[in-house]
Amino acid sequence: MLSQQDAKNLIEKVLSYSKLPGCDVSVNSEESAFIRFANNGITTSGYVLEQSVSISSTTEDGRRGSSGANELTDESLKESVEEAERLAAISRPDPEIVPALGQQKYPELHNYDAFTGSARGDVMIPHVKAIIDCARKNQLISAGFIERSARAVAIGNKAGLFGYHTLTDSSLSNTMRNKGGTSSGWASQTSVSLKDIDGESAGRISSEKCLRGAGAKRKLDPGKYTVILEPSGASDLIGFLGFGFGARQAEQGQSFLSKQGGGTHLGDKLFPEFITLRTDPFNPKLPALPWTGGGGRGGFGGGGGGSLPTDKITWIENGVVKNLSYDRFWASKAGKQPTPGPADLVLDGQDHSLEDLIQSVDRGLLITRLWYIRFLQQRTLQLTGLTRDGVFLVENGKVTDPVTNFRWNESPVRVLQNAKRLTKSARALGSEGGSTIAPAMVVADFNLASVSDAV
Amino acid sequence: MLLANEIFGSPTESSSKPNPKLVKLGAVALAEARKQGASYADIRIGRYRNQISGYRLSPERGSNKTSEVPIVTNRHSFGFGVRVIVNGQWGFAASPIVTAEEIARITREAVIVAKANAALQASPVVLAPTKAYVDRWVSPFEKDPFEVSVDEKLDLIHSAASAIKKDPKVFAANGSLVFRGEDKYFASTEGSSIQQYNIQSAPRLAATAIDRDQGISRTRNYKVEPQSAGWEWIPKANLGENAPRIREEVLEALTAPPVKPGKKDLVLMPSHLWLTIHESIGHSTELDRALGYEANFAGTSFLTTEKMGNFSFGSDLVNIFGDRTNKGGLATVKYDDDGVLTTKFPIIEKGVFKHYQTIRDQAHLIGENESRGCCYADSWSSVPFQRMPNVWLAPGEQNVTPDDLISGVEDGILIEGDGSFSIDQQRYNFQFGGDAFWEIRGGKKRGMVSRVAYQSKTTDFWHACDGIASSSYWQQFGAPNDGKGEPEQINAVSHGCAPSRFRQINVLLTD
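Residues numbered from 1 in each chain as written. Chains lettered and ligands numbered in written order. Predicted model: local features only at pLDDT ≥ 70, side-chain atom pairs only at ≥ 80, totals over all residues.

**Regarding the overall build of chain A**
The test is simple: Under the DSSP-based scheme used, a helix requires at least four consecutive residues in state H or I and a strand at least two consecutive residues in state E, with every element numbered from the N terminus. In this treatment the radius of gyration is a C-alpha quantity, and the globule benchmark scales as 2.2 Å times the residue count to the 0.38 power. Counting other C-beta atoms within 10 Å of a residue's own tells you its class, since 20 or more makes it buried, 12 or fewer makes it exposed, and anything in between is partly exposed; those C-beta atoms are placed from the backbone. Placing a C-beta atom from the backbone of each residue, one calls two residues in contact when those atoms lie within 7 Å.
Secondary structure summary: chain A contains ten helices and 19 strands in total. Against the compact-globule benchmark of 23 Å for 455 residues, chain A has a radius of gyration of 24 Å, which places it among compact chains. C-alpha atoms of chain A, sized along the principal axes, occupy 70 × 60 × 35 Å. Counting all 455 residues of chain A, 61% fall into the buried class. Taking as baseline every contact in chain A between residues at least 6 positions apart, the subset at least 24 positions apart corresponds to 73%.

Structure (structure tokens):
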């Protein structure tokens, strides 16, 4: 991985090759190790080094071109700069470009763990072994994935901006299936530190779910049910909710926060009192960056979402919508401070355990995780997806029979509006790649639209 | 880029043999792997190029004036990955530093990985035999899109997007031209040495209309078939001619009445049906899913191995092929990432499930003695594994037209374009939206309807297929980004089909 000095030298070299007035550079250097297993044995695994440089060049009149490459020789860097400048020269002025950011004061984040950054097979294989041993002991079939990554990232530009950060992350997930293929269970863990990963407990949880689900499944009719979403499912839905806070979309009628007829729901109490959703890059469990976006001056257009110092932002406080996100361009038009979009999300929990939640439900369904989540309507955040790897009936505060899987059609907006009770929050791994700090939650009137026979 | 340019050379360079510099670099890995005790090794050296030119036309804040925002991006990625088998176990390592020293070092890392993993081996890796090939292949194209000026690309997209935005009732217009080039060299200890170059081109247009009073937003896409083809594909897309149609259709969609839910007949156009084929047939017939290798992520399959050769998957009109040889297909190559010569094979014949998609280390697990050439890795840094070939539906009998299909429908929906898609982890229960919907009433296509999705079970759906239009209407849509595996990889794949009819499918009204 690149050291801070190496990254600085690299960025300065790129900037020295630039002839146009604007040049934004971002650098990524990464090392990862992973092991995949299935049918109670390791299948594929690897050790991968990656590096890349992204360059965005800007002319005096706001034409931009971007290039990216991963050969870091002087000749290659020079050619990448020339390529970005060639593209800028033949592009058209971007009316939404914003001036380059000068020097910034980025916050110090503590999410690099040296043990994780150097871990290889000898550290990860014992977790895999614990899961496979657990599967064999219970006559089950395990499959799963463990990985760790270490990254060094840096950004810089001609206006004096420079930032450097290192971070690590790790995760373990596993699925247990019985030999008849009639039941499955799943568990996952994720943390900045591999020391927090525990294969034995992940194997125990998934195998218990699989064994509990092995009996005859109750076939319930589709309909609206009270459900207990475990943190993985809650994390997925919160991740999708994050798409809806853009000020531009809200003001222009394209968000769940757009008011019918015009205006936005900023300041409106849309959710119960106990719902508070925040961005918190300082949470040491999250692999956050000290700046927003990937560096540079934004994505489609120069709107300038990137490279701003990250900070705590409250999106929903005690049920009230507190903030919308503004890139630098839209903020300049609206007379607002730039506010980065939702990332590193934390949904505050309550002082309950999962057992408390189960005990609070007279009749409902305990759902292990959600799967294959896709938008039905992006404006309303209406989603469809399925349940997976363990659905159980809860009757009179107790988990009773296993139940078939369901397809559901719901929105995270309604889910938070219908939330009744939360556990404490912890970092969770969603099935669709989203990882947030999320609680398990009891949700009323969750729309289970059709039965899925899949196991 | 310089080394990459040097060793991959000009894409149109004609030679039947790989560049000697690639051969020399590849030999380093193979020699080092042998030295370290590997029973098999291969190396892929790859360069991946991705270029996007596009425009977004949308209103400025608080006014109806249009902001026209261009985007121009060129990205390259270059590196190598080495796979070894040691003590019967796979190992893999990869690096972006393409030098002989680094290749030798990374090969040793791959051996370390394999040796460590051998302690938790379920069964030793067995590779189906393949011939050794020395060859160089380039996907058919007439004009290299990377050589066409970005100026021309921006002009084309701007002109089409402006035609959409011409009506002030249209809120926004987007368009892009995406080009992808994949240079790859493969060498194995079994004697193969193969260089391939594949170009893919994908144009796209979209129009969005909103009704703030009603709180409605609708988008109509003009997705042209993404193809393994060059710049010559772009004029054939007729972006300019289709822009006014998209403009009119998005405005009609905005006021289209909601669908009345219930059981209806569906006439599905190729721009829509490709995705249903992909999700319900493409993924359910992957052998790695059936065998449990994807159990923790993408899922398993309801098509368990005892069903091969005898399971009734759909009506006898349904004939499906796996194919990495068909012209224009996004998954078309001459050799897969196991170095196997690709092929066309039946997956479903007259409604009966016949064959899985396989790779070398799986074939023996179902009693077969050769791979069907479905191995792919999406990057030099990714582990090759079983990915989908082009999976296509054979056209129906001669002279069957889309109008013939529509005329046989009393109460139904015609669907164009893809929309929301979701299917369970064994590929049973699916629910699909679409991009545009028209009511069919009394055998005639009527006005647009909105908020449509249909939900079914894979085998029920394909048994309900009672009409497929002829080869004149066969088109090959697809996607560049099918996800699978851990770490997740993408795959570009096409699914040719002709308009087809499905009886009495459950149609839903979505929110």
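**A few points about the interface of chain A and chain B**
Operational definition: Residues are grouped as follows: Ala, Val, Leu, Ile, Met, Phe, Trp, Tyr, Cys and Pro are nonpolar; Asp, Glu, Lys and Arg are charged; every other residue, Gly included, is polar. Here a strand pair is declared whenever DSSP counts at least two bridges between the two strands.
Taken together, the contact pairs 86 residues of chain A with 70 residues of chain B. Ranked by residues supplied to the side of chain A that touches chain B, first place goes to strand 2 (residues 41-58) of chain A with eleven residues. Grouping the constituent residues of the side of chain A that touches chain B by class yields 28 nonpolar, 39 polar and 19 charged. In terms of strand pairing, strand 2 of chain A meets strand 3 (residues 89-95) of chain B through two bridges, oriented parallel. Following the sheet pairing, Val-48 of chain A is matched in strand 3 of chain B by Ala-94 of chain B.

**Quick look at the domain arrangement of chain A**
Residues and elements named next belong to chain A. Which entries qualify depends on this criterion: Note that the domain bounds were set by an automatic or database domain assignment.
What the domain assignment reports for chain A is domain 1 (4-211) and domain 2 (216-455). Summarising the inter-unit geometry, the C-alpha centres of domain 1 and domain 2 are found 24 Å apart. Counting residues at the interface gives 39 residues for domain 1, matched by 34 residues for domain 2. With seven residues, strand 5 (residues 162-178) is the largest single contributor of residues to the side of domain 1 that touches domain 2. The class makeup of the residues in the side of domain 1 that touches domain 2 is 13 nonpolar, 19 polar and seven charged.

**Thoughts on the domain arrangement of chain B**
Reports often express the size of an interface as the amount of accessible area lost when the parts come together. Residues and elements named next belong to chain B. When cut into domains, chain B gives domain 1 (2-255) and domain 2 (262-509). Facing the 43 residues of domain 1 at the interface are 39 residues of domain 2. Of all the elements in the fold, those that place two or more residues in the side of domain 1 that touches domain 2 are strand 1 (40-59), strand 2 (66-86), strand 3, strand 4 (134-138), strand 5 (172-188), strand 6 (193-211), strand 7 (216-223) and helix 6 (239-255).

**With respect to the pairing of strand 20 (residues 452-457) of chain B**
Residue and element names in this part refer to chain B. With five of six residues buried, strand 20 is to be regarded as a mostly interior element. Sheet analysis places strand 17 (residues 429-432) next to strand 20, joined by four bridges and oriented antiparallel. The residue bridging Asn-429 from the neighbouring strand is Lys-457, located in strand 20. With four bridges connecting them, strand 20 and strand 24 (residues 500-509) associate as antiparallel partners. Looking at strand 24, one finds that Ala-453 is bridged to Leu-508.

**Comments concerning helix 5 (residues 199-212) of chain A**
Keep this limit in mind: Multiplying 1.5 Å by the residue count of a helix minus one yields the expected span of that helix.
With 14 residues, helix 5 of chain A should reach 20 Å at 1.5 Å per residue; the first-to-last C-alpha distance of 20 Å fits that figure. The secondary structure elements touched by the buried residues of helix 5 of chain A are helix 4 (121-137), strand 4 (140-157), strand 5, strand 6 (184-191), strand 12 (363-377) and strand 13 (382-395) of chain A.

**Comments concerning the environment of Ser-381 of chain B**
Mapped onto the elements, Ser-381 of chain B comes out in the loop between strand 12 (375-376) and strand 13 (385-386). Taking the C-alpha atoms as reference points, Ser-381 of chain B and Ile-45 of chain B, 336 residues apart in sequence, are found 9.5 Å from one another. In contact with Ser-381 of chain B, other than residues within four places in its own chain, are Val-48 and Glu-50 of chain A together with Gly-79, Gly-81 and Ala-94 of chain B.

**Quick look at helix 4 of chain A**
With 17 residues, helix 4 of chain A extends 23 Å between its outermost C-alpha atoms, agreeing within 8% with the 24 Å of an ideal straight helix rising 1.5 Å per residue. Every buried residue of helix 4 of chain A is listed here: Gly-121, Met-124, Ile-125, His-127, Val-128, Ile-131, Ile-132, Cys-134 and Ala-135 of chain A. As for helix 4 of chain A, its buried residues are in contact with strand 1 (22-38), strand 2, strand 4, strand 5 and helix 5 of chain A together with helix 3 (100-117) of chain B. A positive backbone phi angle near 55 degrees is found at Gln-139 of chain A, which sits one or two residues after helix 4 of chain A.

**Some points on the nonpolar core**
Our working definition: Core membership is restricted to buried Ala, Val, Leu, Ile, Met, Phe, Trp, Tyr and Cys residues, and these are joined into a nonpolar core through C-beta atoms within 7 Å.
Ranked by size, the top nonpolar core spans 279 residues in total, and within it Val-128 and Ile-228 of chain A together with Val-84, Ile-164 and Ile-413 of chain B carry the most contacts. If sequence neighbours within four positions are ignored, Ile-164 of chain B has contacts with Val-170, Ala-173, Leu-205, Ala-207, Ala-243, Ile-246 and Arg-247 of chain B.

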